[in-house]
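# Overview (structure and organization)
Take a look at the letters that make up each chain.
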Amino acid sequence: MLSVNPLLLFGLIGVFGAARNEVRRFEDHVSSDIASQLGGDQKVVTVRTKPEGPFGPAFADLAHATITAKNFTTEGLPLFTDPELPKTGTVRKLNLELSNFELNGLRIQRLSAAIPDCRFDAGLAMKSRQIRLSQSGTGRGWVEVLEQDLEPFILKKVREIKRVKVKLDRHKAWIEGYGEFLIAKTEFLVVADLEIEQGTRLNLTNARVIFEWQKADPFAQKALIDALNPVVDLQKDLDLYDAFFLEKLELKGGKLRAEGQTKIPNRPK
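Residues numbered from 1 in each chain as written. Predicted model: local features only at pLDDT ≥ 70, side-chain atom pairs only at ≥ 80, totals over all residues. Heavy atoms only, no water.

### Details of the pairing of strand E6 (residues 139-146)
How we decide: Each residue is assigned to one of three classes by its accessible area relative to the maximum for its type, calculated with a 1.4 Å probe on protein chains only: buried under 20%, partly exposed between the two thresholds, exposed over 50%. Numbering of helices and strands starts at the N terminus; helices are DSSP runs of H or I of at least 4 residues and strands are runs of E of at least 2. When DSSP finds two or more bridges between two strands, those strands count as paired.
The element E6 is extensively covered by neighbouring structure, given that 7 of its 8 residues are classed as buried. The pairing of strand E4 (residues 106-120) with E6 spans 5 bridges and is antiparallel. Bridge pairing links arginine 110 to glutamate 144 in E6. One ladder, built from 8 bridges, connects E6 with strand E14 (residues 255-262); its direction is antiparallel. Its bridge partner lying in E14, glycine 141 is registered against glycine 260.

In structure tokens:
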């Protein structure tokens, strides 16, 4: 019968317990570092990691890391890669779970992404307890926006529109409101498809436009659609650079859900 030295057993338990506590302190410091780059009095940020095998922490090899954040605001993308930094640490899969946040004036209900093959500066992580990515793979992700959250975004973006109501359902967008344009001051209604252009823009297409309960003439229709398009530009409006490349779009039950490829872009020069 195999006998186990109790002192050795308790020693191993102590070592693993101390290691786990150190990992938790590291996660808390990284969470605080990320939170310091975000706005919002009610923001909540947590980071959780899982090492790849029993020696993962020692060799900075993580099976996965998950960043969860909610109730925050940010002007542009808060997370970039710095390719000039060492690639001595590995995150085999980086998960992002973000909810109820505002990005450049657009409230996002939820964003979820899983990004493989990420690298970071392990020396900086051990010394300062900060994660600075130096490489990102390309993964998959999706984002969800509620119809009512598009309304203040449109009002901010299109100054000629003074009042607006948005409805998203049955793969169609209904945009109703009042605008003061060069051609007229008028109530309007737009019923259109919303399609992805070049992976980064959401455009109204196949539109029917009504001014004051009458079908708009081609010139007036084009003027309004040109003012509204793109409804959202991931690069110009949201400063996402090449973080998302959209491939699929669904409008249903008051929600816009977009899916596609995602990564952490290089920090702009």
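### What to know about the pairing of strand E3 (residues 89-103)
Judged from the 11 bridges that link them, strand E2 (residues 61-74) and E3 form a sheet pairing that is parallel. Pairing of alanine 69 across the sheet is with leucine 98, part of E3. Looking at chain direction, E3 and E4 are connected through 13 bridges and run antiparallel. Among the inter-strand pairings, glycine 89 is bridged to a residue of E4, identified as phenylalanine 120. The loop that links E3 with its antiparallel partner E4 comprises 2 residues; one of these, asparagine 104, has a positive phi angle of about 50 degrees.

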